[in-house]
Number of protein chains: 2
Amino acid sequence: MTPEACPAAGRVLAISGGIGGAKLALGLYRALAPQSLIVLANTADDFEHLGLHISPDLDTLMYTLAGINNPELGWGRDEETWTFMRALGELGGETWFRLGDGDLATSIERTRRLAGGETLSEITDDFAGRLGVRAQLWPMSDDAVRTRVETAGQELAFQHYFVRERCAPAVTGFRFEGAECARPSPRLIRALGSNGLRAVVICPSNPFISVEPILAVPGVRAALSSCAAPVIAVSPVVGGRALKGPTDKMMRELGIEIGPTAIAARYRDLIDGFVLDLEDEAARQRCGVPSLCARIVMRTLADRERLAREVLRFADSLDSRTVG
Amino acid sequence: MTPEACPAAGRVLAISGGIGGAKLALGLYRALAPQSLIVLANTADDFEHLGLHISPDLDTLMYTLAGINNPELGWGRDEETWTFMRALGELGGETWFRLGDGDLATSIERTRRLAGGETLSEITDDFAGRLGVRAQLWPMSDDAVRTRVETAGQELAFQHYFVRERCAPAVTGFRFEGAECARPSPRLIRALGSNGLRAVVICPSNPFISVEPILAVPGVRAALSSCAAPVIAVSPVVGGRALKGPTDKMMRELGIEIGPTAIAARYRDLIDGFVLDLEDEAARQRCGVPSLCARIVMRTLADRERLAREVLRFADSLDSRTVG
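Calculation rules
Residues numbered from 1 in each chain as written. Chains lettered and ligands numbered in written order. Predicted model: local features only at pLDDT ≥ 70, side-chain atom pairs only at ≥ 80, totals over all residues. Heavy atoms only, no water. Helix = DSSP H or I, 4+ residues; strand = E, 2+ residues; numbered from the N terminus. Rg over C-alpha atoms; globule rule 2.2 N^0.38 Å. Buried < 20%, exposed > 50% of the residue type's maximum accessible area, 1.4 Å probe, protein only. Contact = heavy atoms within 4.5 Å. Areas by Shrake-Rupley, 256 points an atom, 1.4 Å probe, with all protein chains shown as cover. Pairing = 2+ DSSP bridges. Axes fitted to C-alpha atoms, helices over the stretch in contact; angles between N-to-C directions. Core = buried A, V, L, I, M, F, W, Y, C linked by side-chain atoms within 4.5 Å. Buried area = accessible area lost by both parts, 1.4 Å probe. Salt bridge = Lys/Arg side-chain N within 4 Å of Asp/Glu carboxyl O. Polar contact = N/O pair within 3.5 Å; in protein donor to acceptor, adjacent residues only side chain to side chain. Nonpolar A, V, L, I, M, F, W, Y, C, P; charged D, E, K, R; others polar. Least-squares fit on C-alpha atoms with pLDDT ≥ 70 in both. pLDDT = per-residue confidence, 0-100. Parallel < 35°, antiparallel > 145°, perpendicular 65-115°, else oblique. Left-handed = near helix turned anticlockwise from the far one by under 90°.

Participant: I would appreciate a short explanation of the overall build of chain A in the present structure.
Facilitator: For chain A, the helix and strand inventory stands at twelve helices and 14 strands. Expected size for 324 residues packed as a compact globule is a radius of gyration near 20 Å; at 19 Å, chain A falls within 12% of this value. In terms of its C-alpha atoms, chain A occupies a principal-axis envelope of roughly 65 × 45 × 40 Å. Here chain A, with 324 residues, has 60% of them falling under the buried criterion. Relative to all contacts within chain A whose residues are 6 or more apart in sequence, the contacts with residues 24 or more apart total 67%. Total accessible area on chain A is roughly 12,500 Å²; 50% of this is exposed by carbon and sulfur atoms.

Structural data, given as structure tokens:
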């Protein structure tokens with residue numbers, strides 16, 4: 001039985017930030033008929049740097065789905081060279097944000113096409129198609145939303161906080177500049193309203209800087225709430241530590257208990273189910289929604305695909321259209 | 001006796017396009033105290049490509065003087081990689097103009113700084129200094145002048161003609177767009193008016209597309225004509241062939257006899273002396289100005305330096321301030 005023909009046919013929408021979320025997005029890509037997967041990417045960590053429009057999460061997802069991601073770094077392209085950065089340094093340019101020579105082509109060509117009037121969605125469709133990605137990869141919006149990190153001392157542009165300052169400053173909050181005027185991807189709103197959606201999966205991404213910027217785009221939260229398909233979130237923290245990145249550090253600094261319960265609480269009005277790690281089984285009763293305990297640390301490709309299948313099965317079990 | 005202390009002390013201004021002219025510019029750099037050389041670069045082959053400001057002649061001169069030019073290609077940087085071009089091609093970008101990964105840093109950082117309000121001269125000073133160039137390298141103007149190549153069929157932007165079409169279309173003329181409004185480098189006008197100039201050397205560059213765009217900038221021709229120092233041109237054609245590039249092809253298409261006489265004629269109202277190859281000695285009497293026969297084909301570094309010394313000696317011999 002092909003995936004398309006199985007009873008739970010339909011499209012799956014994965015909501016993701018960069019590296020951490022991309023692991024499960026790749027698992028879903030492999031577990032599903034590829035064209036039935038939509039990956040919705042956070043673009044609030046996009047920024048203008050060296051005169052280029054850089055979309056870190058979008059590119060991490062694109063390279064990962066295309067199978068050309070850099071396995072050592074987690075971000076960027078494989079078979080990469082670094083001649084540009086070296087030469088830029090010799091000329092006194094800013095080198096704190098590392099861009100590989102191949103990765104640079106994505107940013108340069110995107111910037112050129114944006115300046116020519118194409119939308120980020122159009123350009124991403126074309127790039128992803130050329131790189132052989134058969135899933136849909138959608139930016140959350142074609143309008144600029146920029147995460148600003150509020151710290152005790154000052155408000156920082158996201159990449160300045162994340163890369164230049166290496167997440168060192170203690171955060172006090174986040175602001176998604178431009179979100180109030182941003183229009184969500186029209187395809188996203190259509191997909192969430194359609195009957196052809198099998199499930200929405202909020203990948204194990206950082207809630208503060210990867211998922212909540214997406215939810216801050218007007219219309220997205222409402223469309224997710226009213227979506228007929230089950231919405232499942234996968235915890236980005238396991239045993240009190242983030243799967244990837246500064247999620248745990250941020251939770252500590254914001255005075256939030258580090259664990260799946262607090263994550264589930266942040267999504268409570270949106271989700272129909274929550275997936276937490278076996279290690280956190282004790283927290284299961286406090287999630288407030290139906291939950292699944294699974295092994296959510298994904299080290300291997302097989303881990304990614306296995307978790308994807310478990311999440312899909314869990315979503316199907318919660319589908320009010322087929323269950324009960 | 002150091003070069004500065006010799007009787008013919010003073011600064012030397014070399015006027016140059018790219019590869020061909022850069023050979024003699026390098027010879028002069030090695031023959032002179034480096035800080036006494038000024039190289040004035042053609043910027044009419046600059047263009048906007050991939051959203052970047054690219055200055056081919058300026059960069060060829062900068063890399064050559066810095067000793068980091070690519071000896072195989074003639075243009076670009078040594079120890080270069082080409083990952084960007086390969087990735088750009090995969091994304092469907094325009095790959096007809098080759099930009100190495102290291103070379104790209106120059107264009108990206110220049111574009112960023114131009115957008116920030118710095119002038120091409122300021123940026124070039126800084127880049128050249130950082131790369132260890134001790135000569136002065138000056139763009140002819142900080143304003144945009146763009147060579148347009150008139151052909152039987154259509155008018156082409158210079159790089160489209162030169163690189164994309166590989167100089168195939170027959171030329172009928174040239175137009176230097178923007179020249180009428182361009183302001184010459186103020187340093188250039190000052191240098192040409194100063195008494196500290198030992199000589200002006202028009203390098204063996206293509207007259208049509210490398211030297212004449214410089215002369216088309218208002219004020220340059222007059223400043224050269226009234227300059228107290230001897231102005232010497234070195235022929236870019238030897239034995240009926242161009243030293244480099246399409247000079248001979250262009251002369252043929254324009255109905256100009258291919259040889260040093262026609263070159264000297266184009267510069268006649270500006271120059272005090274002309275240097276032609278030993279092979280063209282028969283043409284010497286028709287140059288219309290004092291001439292020097294020398295070996296102007298420069299294959300080795302020693303050739304470059306030897307010709308530079310011969311040209312300087314010739315210039316000194318013509319200096320009305322010291323001779324006769």
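Participant: What is the right way to look at the sheet that holds strand 6 (residues 146-151) of chain B in this model?
Facilitator: In sheet architecture, strand pairing relies on hydrogen bonds along the backbone and comes in two forms, parallel and antiparallel. Residue and element names in this part refer to chain B. One open sheet holds the three strands; their spatial order is 7-6-8, and the pairing between them is antiparallel. The sheet terminates laterally at strand 7 (155-157) and strand 8 (171-177), the two strands that pair on one side only. The mean angle between the axes of side-by-side strands here comes to 30°, regardless of whether they run parallel or antiparallel. Both strand 6 and strand 7 contribute to a ladder of three bridges, which runs antiparallel. For valine 149, the partnering residue across the bridge sits in strand 7 and is leucine 156.

Participant: What am I meant to see in the nonpolar core here?
Facilitator: Nonpolar side chains in soluble globular proteins generally cluster together in the buried interior. Formed by 121 residues in total, the largest nonpolar core has its most connected members in A:Val275 and B:Val275. Not counting residues within four places of it along the chain, the set of residues in contact with A:Val275 comprises A:Ile232, A:Ala233, A:Val234, A:Ser235, A:Leu292, A:Ala294, A:Ile296, A:Leu307, A:Val311 and A:Phe314.

Participant: So what exactly am I meant to see when it comes to the interface of chain A and chain B here?
Facilitator: Counting from both sides, the interface comprises 28 residues of chain A and, opposite them, 28 residues of chain B. Between chain A and chain B, roughly 2,300 Å² of surface is buried when both sides are summed, and carbon and sulfur atoms account for 67% of that area. Of all residues in chain A, A:Glu90, A:Leu91 and A:Ile108 give up the largest surface area on contact with chain B, accounting jointly for 27% of the area buried on that side. A salt bridge links B:Glu90 to A:Arg77, with the nearest nitrogen and oxygen atoms 2.8 Å apart. There are eight residue pairs in polar contact (both at pLDDT 80 or more) connecting chain A and chain B. A per-element tally of the side of chain A that touches chain B places helix 4 (residues 101-115) of chain A first, with nine residues. For the side of chain A that touches chain B, the per-class residue count stands at eleven nonpolar, seven polar and ten charged.

Participant: Would you mind going over the relation of the copies chain A and chain B with me for this structure?
Facilitator: Here the second copy of the chain follows from the first by a rotation about an axis and a shift along it. Here chain A sits on chain B after a turn of 180° about the axis and a move of 0.0 Å along it, with an RMSD of 0.0 Å. Such a turn and shift between the copies fits a two-fold axis. Relative to the rotation axis, the closest C-alpha in chain A is found at A:Asp101, a distance of 3.0 Å. Looking at the interface residues of chain A, 100% of them are also at the interface in chain B, so both copies use one shared face.

Participant: How should the confidence of the model for chain A be read in this particular structure?
Facilitator: When pLDDT is low, close inspection of the predicted coordinates is not appropriate. Residues and elements named next belong to chain A. Overall, the predicted model of chain A reaches an average pLDDT of 94, with 97% of residues at or above 70. Low pLDDT (under 50) marks residues 1-7, which in the prediction has seven contacts with non-local residues, meaning those over four places away or in another chain. On the interface metric, ipTM, the complex scores 0.92, and its pTM is 0.92.

Participant: Would you take a moment to explain helix 3 (residues 83-90) of chain A for this structure?
Facilitator: Helical geometry: 3.6 residues make up each α-helical turn, so side chains three or four residues apart lie on a common side. Buried within helix 3 of chain A are the following residues: A:Thr83, A:Phe84, A:Met85, A:Ala87 and A:Leu88. For helix 3 of chain A, the secondary structure elements touched by its buried residues are helix 4 of chain A together with helix 4 (101-115) of chain B. Just downstream of helix 3 of chain A lies A:Gly92, where phi reads positive at about 85°.

Participant: Teacher, can you tell me more about the pattern of salt bridges here?
Facilitator: Close approach of charged atoms allows side chains of opposite charge to pair. All names here are of chain A. For the structure on display, the rule yields 42 salt bridges over all chains. With a shortest N-O distance of 3.1 Å, glutamate 305 and arginine 30 are connected by a salt bridge. Of this pair, glutamate 305 sits in helix 12 (residues 301-318) while arginine 30 sits in helix 1 (residues 19-31), placing them 275 residues apart in sequence. Given a relative accessible area of 43%, arginine 30 falls into the partly exposed group. Here the salt bridges do not stand alone but share partners, grouping Arg113, Glu118, Asp126 and Arg130 into one network.

Participant: Would you mind showing me how to read the environment of A:Leu215 here?
Facilitator: Mapped onto the elements, A:Leu215 comes out in helix 8 (residues 207-215). Linking A:Leu215 and A:Asn70, residues 145 residues apart in sequence, is a C-alpha distance of 29 Å.

Participant: Hey, could you run me through the sheet that holds strand 10 (residues 231-234) of chain B in this one?
Facilitator: Residues and elements named next belong to chain B. The strand order 5-2-1-9-10-13-14 describes an open sheet built from seven strands, whose pairing is parallel. Across the chains shown, the open sheet's two edge strands, defined by having one partner strand only, are strand 5 (136-139) and strand 14 (291-294). With strand direction ignored, the average angle separating the axes of adjacent strands in the sheet is 20°. On the sheet, helix 8 (residues 207-215) packs against strand 1 (11-16), strand 2 (37-41) and strand 9 (197-202) and is oriented at approximately 120° with respect to strand 1.

Participant: Is there a simple way to explain the side chain of A:Thr43 in this structure?
Facilitator: Looking at the secondary structure, you find A:Thr43 in the loop between strand 2 (37-41) and strand 3 (47-49). Here A:Thr43 is in contact with A:Leu58, A:Leu120, A:Pro139, A:Met140, A:Ser141, A:Val145 and A:Arg146, once residues within four sequence places are set aside.

Participant: What is the right way to read the packing of helix 2 (residues 56-66) of chain A against helix 4 of chain A from this model?
Facilitator: Two packed helices can be described by the angle between their axes and the distance between those axes. Residues and elements named next belong to chain A. Remark: helix 2 packs on helix 4, axes separated minimally by 12 Å, with the N-to-C direction vectors making an angle of 125°. Compared by their axis directions, helix 2 and helix 4 come out oblique. For the element pair helix 2 and helix 4, the recorded crossing hand is right-handed. Residues Leu58, Asp59, Met62 and Tyr63 of helix 2 touch helix 4, and the partners they reach there are Asp103, Thr106, Ser107 and Arg110. Taken together, the residues of the contact of helix 2 with helix 4 sort by class into three nonpolar, two polar and three charged.

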